[in-house]
Amino acid sequence: MKILFLDSPAFAKLDMLEAFLECGVSYSLFFHEAYNERQNSSYDQAFDEAVSKERFDFVFSFNYFPILSNCCKRHNIKYVAYVYDSPLVSLYSCTLINPCNYVFLFDKTTYLFFKNAGIPNVYYLPLAANVKRLRSLTAPLKLTERLCSDVSFVGSLYNEDHNLFERLTNLSDYTKGYLDAIMSAQQKIYGSFFLEELLHPNILNDLQASVPYSPMSDGTESAAYVYANYFLARKITSNERISLLDNISGQFQLKLFSHIPAPQIPNAEFMGTVDYYDVMPLVFKNSKINLNISLKSIYSGIPLRCMDIMGAGGFLLTNYQADFLDCFLPEEDFVFYESEYDCLKKIKYYLSHEDRRIQIIENAAGKMKEAHTFCHRVHAILSMIS
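Conventions we followed
- Residues numbered from 1 in each chain as written.
- Predicted model: local features only at pLDDT ≥ 70, side-chain atom pairs only at ≥ 80, totals over all residues.
- Heavy atoms only, no water.
- Phe/Tyr/Trp six-rings, centres within 6.5 Å; stacked < 30°, edge-to-face > 60°.
- Helix = DSSP H or I, 4+ residues; strand = E, 2+ residues; numbered from the N terminus.
- Buried < 20%, exposed > 50% of the residue type's maximum accessible area, 1.4 Å probe, protein only.
- Expected span 1.5 Å × (residues − 1).
- Contact = heavy atoms within 4.5 Å.
- Pairing = 2+ DSSP bridges.
- Axes fitted to C-alpha atoms, helices over the stretch in contact; angles between N-to-C directions.
- Polar contact = N/O pair within 3.5 Å; in protein donor to acceptor, adjacent residues only side chain to side chain.
- Core = buried A, V, L, I, M, F, W, Y, C linked by side-chain atoms within 4.5 Å.
- Salt bridge = Lys/Arg side-chain N within 4 Å of Asp/Glu carboxyl O.

*Asks:* What exactly am I supposed to notice about the packing of aromatic side chains here?
*Replies:* Summed over the entire model, instances satisfying the criterion amount to 34 aromatic pairs. Arranged with centres 6.3 Å apart and planes meeting at 55 degrees, the rings of F20 and F58 form a pair that is tilted. Of this pair, F20 sits in helix α1 (residues 13–22) while F58 sits in strand β3 (residues 58–62); the two residues are 38 residues apart in sequence, bridging distant segments of the chain. By relative accessible area, F20 is classed as buried at 0%. Residue F58 is classed as buried on the basis of its relative accessible area of 1%.

*Asks:* Help me understand helix α14 (residues 340–351), please; the structure alone is not making it clear to me.
*Replies:* Since the α-helix advances by 3.6 residues per turn, residues separated by three or four positions end up pointing in the same direction. If you check α14, its first and last C-alpha atoms are 17 Å apart, about what twelve residues at 1.5 Å a residue would give, namely 16 Å. Listed in full, the buried residues belonging to α14 are D342, C343, L344, K346, I347 and Y350. In this fold, the buried residues of α14 make contact with β7 (149–154), α10 (223–249), β10 (287–292), β11 (316–319), β12 (335–337) and α15 (354–371).

*Asks:* Sorry if this is basic, but what is going on with the sheet that holds β10 here?
*Replies:* Sheet strands line up and pair through hydrogen bonds in the backbone, either parallel or antiparallel. On the basis of which strands lie adjacent, the open sheet formed by six strands has the order β9-β8-β7-β10-β11-β12 and parallel pairing. Two strands lie at the open edges of the sheet, namely β9 (269–270) and β12, each paired on one side alone. Across two bridges, strand β8 (residues 254–257) lies against β9 in parallel orientation. Across the sheet, residue K255 finds its bridge partner in β9, namely E269. Along the sheet, α10 contacts β7, β8, β10 and β12; its crossing angle with β8, the most-contacted strand, is approximately 150 degrees. Against the sheet, helix α12 (residues 304–312) touches β7, β10 and β11, its axis set at about 160 degrees to β10.

*Asks:* Hey, could you run me through unusual backbone geometry in this one?
*Replies:* With an omega of 10 degrees, the peptide bond running from S86 to P87 counts as cis. For P87, the location among the structural elements is in the loop between β4 (78–83) and β5 (101–105). Of note, Y158 is a non-glycine position whose phi angle comes to about 50 degrees, a positive value. Mapped onto the fold, Y158 is located in the loop between β7 and α7 (173–188).

*Asks:* Would you take a moment to explain the side chain of R133 for this structure?
*Replies:* Its place among the elements puts R133 in helix α5 (residues 131–136). R133 gets classed as buried once you look at its relative accessible area, which sits at 16%. Within the local environment of R133, its side chain forms a polar contact with the backbone oxygen of Y277, the two atoms lying 2.9 Å apart. Apart from residues no more than four positions distant in its own chain, R133 is found in contact with D15, Y276, Y277 and P281.

*Asks:* Explanation requested: the nonpolar core in the structure shown.
*Replies:* Taken as a class, soluble globular proteins show a tendency for nonpolar side chains to be buried jointly. Core analysis: the biggest nonpolar cluster contains 63 residues, and M16, F60 and Y82 have the highest contact counts within it. Core analysis: the second largest hydrophobic core is formed by 59 residues, V59, V89, L168 and L204 among them.

*Asks:* Explanation requested: the pattern of salt bridges in the structure shown.
*Replies:* Charged atoms that come close allow side chains of opposite charge to pair. By the definition in use, this model includes 16 salt bridges. When the shortest N-O distance is used, the salt bridge between K13 and D7 registers 2.8 Å. Linking D342 and K345 is a salt bridge whose minimum nitrogen-to-oxygen distance equals 3.9 Å. Remark: K345 and D342 occur in helix α14; sequence separation between them is three residues, near one turn of the helix. Taking the relative accessible area as the measure of exposure, K345 reaches 45% and is therefore partly exposed. Linked by salt bridges that have partners in common, E331, D342, K345, K346 and R356 make up one network.

*Asks:* Got a minute to help me understand the environment of A262 in this structure?
*Replies:* Along the chain, the position of A262 falls in the loop between β8 and β9. Using a relative accessible area of 9% as the deciding quantity, one classes A262 as buried. Each C-alpha atom of the pair A262 and D246 lies 9.6 Å from the other, and the pair is 16 residues apart in sequence.

This is the structure we're talking about:
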């Protein structure tokens with residue numbers, strides 16, 4: 001079996017390529033700079049040339065690309081998309097119903113939305129980790145000393161100056177107050193995302209007047225979906241992460257691995273960014289507690305960060321995400337927190353109960369190895385498309 005693999009930027013791309021090879025699937029890489037466009041004749045020509053040279057059983061990409069789906073449709077080749085981002089506006093392309101598609105979604109709530117809308121070629125498939133690679137990584141003593149911490153967080157604070165929410169200027173006082181209120185409520189709620197349905201016409205009109213949005217040329221996404229998931233959810237996540245990390249750093253040692261410092265978290269040790277493949281797993285291994293604070297637009301799915309933490313042999317403390325319960329047991333494989341207060345309480349408990357913490361790490365590592373590697377996901381995909 002041989003596939004054409006879209007060589008676009010993606011976390012875990014190398015891990016997925018390794019998994020395909022381990023499962024007896026060889027590949028050729030394909031890249032064209034217009035992969036994010038909806039229509040591009042140069043892209044079409046490059047794809048035509050690629051598939052004319054040899055036969056491929058299917059085309060694969062991380063995330064879903066409408067232009068690639070249309071190319072596969074023209075050539076009657078199966079297209080497998082494994083989605084790890086949420087939100088992903090390209091899922092609202094009319095091309096999603098192309099008969100060549102097999103779209104695997106890591107977020108069950110998103111999967112159910114499209115499945116219940118009558119889209120037959122979407123499937124639920126959680127993310128995974130390359131456990132063998134993660135567990136084999138070691139570091140010299142000097143690097144270990146730099147990375148070790150009581151509590152660590154690896155990820156963006158969404159505090160860059162050019163973020164979308166900051167572009168919403170000239171809003172009415174009513175709209176500003178309304179948005180502040182619903183965002184504050186959403187920040188406190190795990191397990192339910194309600195922002196989109198609360199953006200009623202008057203609010204949307206004000207948002208459109210500030211930063212206009214219209215669907216993509218082949219898109220069915222609503223303006224409410226885009227404002228809720230791309231503008232508001234990221235801002236809420238920024239507020240939540242900064243607030244929680246500030247409170248944690250006031251009581252415990254906290255190392256923050258992110259690309260932009262946050263003056264609102266003065267007690268944290270800002271460590272800058274780390275390489276995804278070579279260094280980030282070592283952070284997870286050498287931190288007593290690894291935090292996951294999910295992007296609010298991930299409705300129920302298990303973020304890739306969490307799979308990497310558990311796969312690397314790290315202890316995971318995360319906000320509530322319903323999909324965890326499909327694969328793991330709370331307090332046995334990982335730990336949920338339900339509020340800032342609960343998070344602080346559980347950090348204190350697990351820092352002082354090393355035996356419990358180590359047992360949870362071992363449980364998670366065992367389950368990851370047994371059922372949640374990328375090889376497991378490749379087998380699931382192959383069985384679904386055969």
